[in-house]
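Examining the three-dimensional arrangement
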Amino acid sequence: KVTQMRNDEVFEGGGSASVAHYVPSTGRKGAPASAENSTPGTVVAATVGSAALAAAEEEAAAPAEPPASKYADPSTLDCPYESLKEAPFPEGVNPAEREMYLSDAEFEQVTGYTKEEWAEVPKWKKQNVKRKHGLF
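Residues numbered from 1 in each chain as written. Predicted model: local features only at pLDDT ≥ 70, side-chain atom pairs only at ≥ 80, totals over all residues. Heavy atoms only, no water.

The subject of this paragraph is helix α3 (residues 104–111). Among all positions of α3, only Phe-107, Val-110 and Thr-111 are buried. End-on view of α3: buried residues confined to an arc of 80°, all on one side of the axis. Of the exposed residues in α3, those oriented more than 90 degrees away from the buried face are Ala-105 and Gln-109. Residues of α3 that are buried in the fold lie against α2 (81–85), α4 (115–118) and α5 (123–132). One or two positions beyond α3, positive phi appears at Gly-112, with a value near 85°. (Buried < 20%, exposed > 50% of the residue type's maximum accessible area, 1.4 Å probe, protein only. Helix = DSSP H or I, 4+ residues; strand = E, 2+ residues; numbered from the N terminus. Arc of directions from axis to C-beta. Contact = heavy atoms within 4.5 Å.)

So, about the pattern of salt bridges. What the rule picks out here adds up to 3 salt bridges. A salt bridge links Lys-130 to Glu-99; its shortest N-O distance comes to 3.4 Å. Taken together, the residues Lys-130 in helix α5 and Glu-99 in the loop between α2 and α3 connect sequence positions 31 residues apart. The class for Glu-99 is buried, based on a relative accessible area of 5%. (Salt bridge = Lys/Arg side-chain N within 4 Å of Asp/Glu carboxyl O.)

Core analysis: the biggest nonpolar cluster contains 14 residues, and Leu-84, Leu-102, Trp-118 and Leu-135 have the highest contact counts within it. At the level of elements, α2 and α3 are the ones that each hand at least two residues to this core. Ignoring any residue separated from it by four or fewer positions in sequence, one finds Trp-118 in contact with Glu-99, Met-100, Phe-107, Thr-111, Tyr-113, Lys-126, Val-129 and Lys-130. (Core = buried A, V, L, I, M, F, W, Y, C linked by side-chain atoms within 4.5 Å.)

What follows covers unusual backbone geometry. Cis peptide bonds are those with omega within 30 degrees of zero, and the linkage from Ala-87 to Pro-88 qualifies with 0°. As for its placement among the helices and strands, Pro-88 is situated in the loop between α2 and α3.

This is the structure:
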């Protein structure tokens, strides 16, 4: 069952959920309401069966797993400075944070900061330091 609605109308389906889709432009007069031929600015609503509703609710209730990062944790991977200056970088290195893959001693030697101090440095200053040392 398809019902055409205007901006503020509420569609209430008996026993099923209703799903609305906004149709922004183009339409033909006199044709039945659908996403393909409704009037501009119209919301087209369709009734969804209870099985589809249950599946959608179950999917929404499932805890979302965080996406696995393709980059290694900088605290677990130390790379030599020379290997971080030009691509290709060692496997697992995040190109946007190459400096963080330096050992603590090499990091301090290259940037002039400890990694703890680096966390407090303003972004513009980090970019200048990284650019100066070929890590940007």
